[in-house]
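Report on the structure
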Amino acid sequence: MRKIILAILTTLSVVATPTVAIAENTLIYEEIQYAGITKILKTSDFINEIEEVKEEYQVESRKVTEREYELLARVCMSECGGKYGEPLQGKIAVVETILNRVDMGWGTIEEVVTEPYQYSMADNGEPDESVYEAVDIALIGKGMFPDNMVYFRTEHFHGFGQPFMQIGNHYFSLEVE
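Bear in mind that the values here come from a model prediction, so they are computed numbers and not experimental data. (Residues numbered from 1 in each chain as written. Predicted model: local features only at pLDDT ≥ 70, side-chain atom pairs only at ≥ 80, totals over all residues. Heavy atoms only, no water.)

What about the packing of aromatic side chains?
For the coordinates displayed, the defined rule picks out six aromatic pairs. Ring centres of Tyr-69 and Tyr-132 lie 5.8 Å apart, and the angle between their planes is 15 degrees; on these two criteria the pair is classed as stacked. Taken together, the residues Tyr-69 in helix α3 (residues 66-80) and Tyr-132 in helix α6 (residues 129-140) connect sequence positions 63 residues apart. Seen in terms of ring centroids, Trp-106 and Tyr-151 are 6.2 Å apart; in terms of plane orientation they differ by 50 degrees. Their pairing is tilted. With Trp-106 in the loop between α4 (88-103) and α5 (109-114) and Tyr-151 in strand β4 (residues 149-154), the pair connects residues that are 45 residues apart, well separated along the chain. The exposure class assigned to Trp-106 is partly exposed, which follows from its relative accessible area of 37%. Look at Tyr-151 and you get buried, because its relative accessible area is 13%. A network of ring pairs unites the aromatic residues Trp-106, Tyr-151 and Phe-160 as a single cluster. (Phe/Tyr/Trp six-rings, centres within 6.5 Å; stacked < 30°, edge-to-face > 60°. Helix = DSSP H or I, 4+ residues; strand = E, 2+ residues; numbered from the N terminus. Buried < 20%, exposed > 50% of the residue type's maximum accessible area, 1.4 Å probe, protein only.)

Here is the structure:
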């Protein structure tokens, strides 16, 4: 599994198609598929694997201000919900769409998330631990998804961009040149 996670952290072309999380007692399990390999993991195992890779290969987190960090968490909470919302990978993917837009020159984190009709900033309550974990992983795991994955919506793919993948209830698309 470590090699798979490392590939996710270091390559841009890994195909990841996690499905909706399944609750069994109080543990959350997710079916995660990377490059044709399917694993059933507890969400905590996925986080532990990423933390081990981060420590072993000394992966640095992306630097953001405290305000930017909170904006990422609030958007993630609004778009994905807390621990009973979208699966962890879906939360990470939403945060990465923001980071990808920043990297493509669409503006700062604040400009990207406050652009009209782009991201929800609804007050769905305070972000919980699952949301902060997703933001942390997105900040250390940049590259888990393609750099041009900048669009998502619920129910179906956008009519623009290249459809890429579905995670939970979100459909993600790539910017095409």
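Don't stop here, the text continues.
Some remarks on the pairing of strand β5 (residues 162-167)
Inspection of the sheet shows β5 paired to strand β6 (residues 170-174) by five bridges, in the antiparallel sense. Bridging from a neighbouring strand, Pro-163 pairs with Ser-173 of β6. In textbook terms, the turn of a hairpin is the stretch between consecutive antiparallel strands, and for β5 and β6 this stretch comprises two residues, one of which, Gly-168, has a positive phi near 60 degrees. (Pairing = 2+ DSSP bridges.)

Observations concerning α4
In this model α4 runs 22 Å from its N-terminal to its C-terminal C-alpha over 16 residues, within 8% of the 22 Å that 1.5 Å per residue would give. With 15 of its 16 residues buried, α4 lies for the most part within the structure. (Expected span 1.5 Å × (residues − 1).)

A look at the sheet that holds β4
What the three strands build is an open sheet, ordered β4-β6-β5; its pairing is antiparallel. Every interior strand has two partners, whereas the edge strands, β4 and β5, have only one. Between one strand axis and the next, the sheet turns by 30 degrees as a mean value, whatever way the strands run. Relative to β6, β4 is paired through five bridges, and the arrangement is antiparallel. Bridged to Thr-154 within β6 is His-170. (Axes fitted to C-alpha atoms, helices over the stretch in contact; angles between N-to-C directions.)

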